[in-house]
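Each chain, letter by letter, is given below.
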Amino acid sequence: MGETPSPRTPAPRSPVPRTASARRGLLLVATAALLVTPVVGQQPEPPPAPAPSPRSLLPEAFRQSDEGQTEAAPLPGVAPPPPVGAAAPEVLSGDALLQPPLDGVELPGTAEAPDPFANDPVLDARMTGVLDTASGGWGNAVFAGSDARCLAALARRIDAPVASRWASIGLRRAPITRATAPSRTPAGAWVAARAWLLLGMGGIVSASLLIGRLPVEAHTSNTTRIAGQVALAAGDLGALCPIARAGRQASADTMWELAMGMCAALEGDDISAAALFDSLRNRQTGISAFDVRLGERIAVVAGGGGRATNIEWSEAPRITPYRYGVSMAAGVQVPADRLTSLGAGRHGWFVRQPALAPAVRLASLGPAAVQGSLSVQEFVSGIAALAPDDADTSRGARLRQAFAGAGPVQRVAAMKAIWDESAEGMTIEAARYAGLLQTAPAAARLPVSASVAADSADIIASLLAAGNTARARSWWRVASEADAPVRARAWALLAVSGGIAPTADAFSDWQDATNADDRSAARLLAALAGLGLARESGWNGLKDDLLPKAETSWSRAISAAGTARRPGEVAILTATGLQGAWADVPALHLWRITEALTRAGRVQDARLIAAEALTRA
């Protein structure tokens, strides 16, 4: 799928080692899957840009048994954003500021493209993760001083997706930071806990890299189980082979029996594969005939012939991780109604899956971007490639007009149409935020003009949704001259994002201009207080009136983690405090989240979460 190859751990005692023949078998499977996929948005390669913006980690879930993917891999068959005559600003998609690329760029230890059939390097089991600070990681001390068992228990309670896109992005980056495992914690258990968290958030690429960097001999039974879930969610059946026998010994899951047969086929041993599948079909193993036939399809694709029969989904009442993963690897189409049961995190990895229909991938672009599973640039590229463009009012036409309209007024008119688009399966609030994300690159190219002053607050919100704080600040000279409600909305967004120094008098003016109720006022004040921007004595009366007085065990825990500068712990506690929709998040939570992130050194994360809260709540 265009990802940079990542080192895979050795498996010296694996019953089905990942040898050259197994890898070539897997390449045949992947090739066959691509052959049955419609080519979408195929275009000549554009000339290299002088200073391309980095692509971001993206950042979706198999819940306990059904999981998702991330934002690092390029979208298959996706064209670049529409060309624009106007010169682009230095930063096109601001979420790259906090999300350096994960795939498709040079990572530590991968300066040269590895030989896919070469032996893998020996890796340090204690030093796990893939991102160092130069690549956007949170530093070796990301989990220093934290209780890994406590964090693992908290992570299991996170019900993805969380309210905030930017909190989700942080929750993906912290677990894949290259860092030493906490003391008294087995490396395999710690990797398993983080990989399961990433699966819950749908971070399949990240989870795959994290698991792949751990030597097989360091696996626990739980690590092996989760590694199997990661492989299936990614459609990477070859990753099952080094752990298939260990999985069969450690678990009663019949998937491992099927994996043995598929891995034999990938090794080129058609006879053993056929014998294993016959045995599973004839034994009373609890394995359905449907699952056996699906496994045999892999054997047929890998071996170039055989006896596979048609796959009839009417025989399978539900989809499982095994059925999804094997179907994707074998190019078997899954009915759309079955895919919806894979959980909210499914969208992030649907958009990267070439075996799925373009319509399925298109419908997943918005949810994936809102959940932090897809970068803004990938979102725009996906719409340009996958959306029908057969009318002036089509999604593709509106996007093109937002980039290349005759002037600022025409471009903003197209943006407003995008902001007002509805989307099946998304709430009105989420669909509007997806629209703001979609227009962020176009807004970054838009000249700052008084002709669109009435829409300047929404333009600022669009830019901040993508993390482009510098460009958002440049609009204040126009927004400050707009009507009072527009000016007030722009002031609030720029105050929390670091573009304006707020005062208590300006806060009161904002309340009057927007007719803000106490809940909205408490939300903004909580963000300002958490960011350390409401310390002067003039704020005291407002704090007494609006901010909550009572603390909870959660608020005390995240405050303690922030004070102790434990950013990984803060990221996990942030997610636990943002369950549900933004409208359900109390002011206390936003206050303590922004405060803890700021104290832990993640100021930009705190600012963008605050701006998102004001935009979406």
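Because the structure is predicted, anything quoted here is derived from the model rather than measured.

Points about the side chain of His589
Relative to the helices and strands, His589 resides in helix α28 (residues 587–599). His589 gets classed as buried once you look at its relative accessible area, which sits at 19%. Setting aside chain neighbours within four positions, we find His589 in contact with Trp554 and Gly577.

Details of helix α9 (residues 270–282)
Taking 1.5 Å as the rise per residue, α9 with 13 residues should run 18 Å; its terminal C-alpha atoms sit 18 Å apart, in good agreement. When α9 is considered as a whole, its buried residues turn out to be Ala273, Phe277 and Leu280. Along α9, the residues classed as buried sweep out an arc of 60° about the axis, all on the same side. Residues of α9 that are exposed and angled more than 90 degrees away from the buried face: Ile271 and Asn282. For α9, the secondary structure elements touched by its buried residues are α8 (255–266) and α10 (289–303).

Considerations on the nonpolar core
Formed by 125 residues in total, the largest nonpolar core has its most connected members in Ile459, Ile460, Trp475 and Phe507. It is helix α18 (residues 428–445) that provides the largest number of residues to this core, a total of ten residues. Setting aside its immediate chain neighbours within four residues, Trp475 contacts Leu446, Pro447, Val448, Ser449, Val452, Ser456, Ile459, Ile460 and Leu463. Ranked by size, the runner-up nonpolar core spans 69 residues in total, among them Ile176, Ile243, Val292 and Ile319.

Concerning the pattern of salt bridges
Applying the stated criterion across every chain, the model contains 20 salt bridges. For Glu551, the salt bridge identified is with Arg592, shortest N-O distance 2.3 Å. Of this pair, Glu551 sits in the loop between α25 (540–546) and α26 (553–563) while Arg592 sits in helix α28, and the two are 41 residues apart along the sequence. Accessibility expressed as a relative area gives 30% for Glu551, which makes it partly exposed. Of the residues examined, Arg592 reaches a relative accessible area of 10% and is grouped as buried.

Details of unusual backbone geometry
A cis amide bond links Ala160 with the next residue in sequence, Pro161, at an omega value of 0°. For Pro161, the position within the fold is in the loop between α2 (148–156) and α3 (165–173). Unlike most non-glycine residues, Asn515 shows phi in positive territory, near 55°. Inspection of the secondary structure puts Asn515 in the loop between α23 (504–514) and α24 (518–530). A positive phi angle is found at Arg565, which is not glycine, with a value near 55°. When you line up the elements, Arg565 lands in the loop between α26 and α27 (567–576).

How each quantity is defined
- Residues numbered from 1 in each chain as written.
- Predicted model: local features only at pLDDT ≥ 70, side-chain atom pairs only at ≥ 80, totals over all residues.
- Heavy atoms only, no water.
- Helix = DSSP H or I, 4+ residues; strand = E, 2+ residues; numbered from the N terminus.
- Buried < 20%, exposed > 50% of the residue type's maximum accessible area, 1.4 Å probe, protein only.
- Contact = heavy atoms within 4.5 Å.
- Expected span 1.5 Å × (residues − 1).
- Arc of directions from axis to C-beta.
- Core = buried A, V, L, I, M, F, W, Y, C linked by side-chain atoms within 4.5 Å.
- Salt bridge = Lys/Arg side-chain N within 4 Å of Asp/Glu carboxyl O.

Honestly, that's just the spatial picture; any functional story needs more than this.
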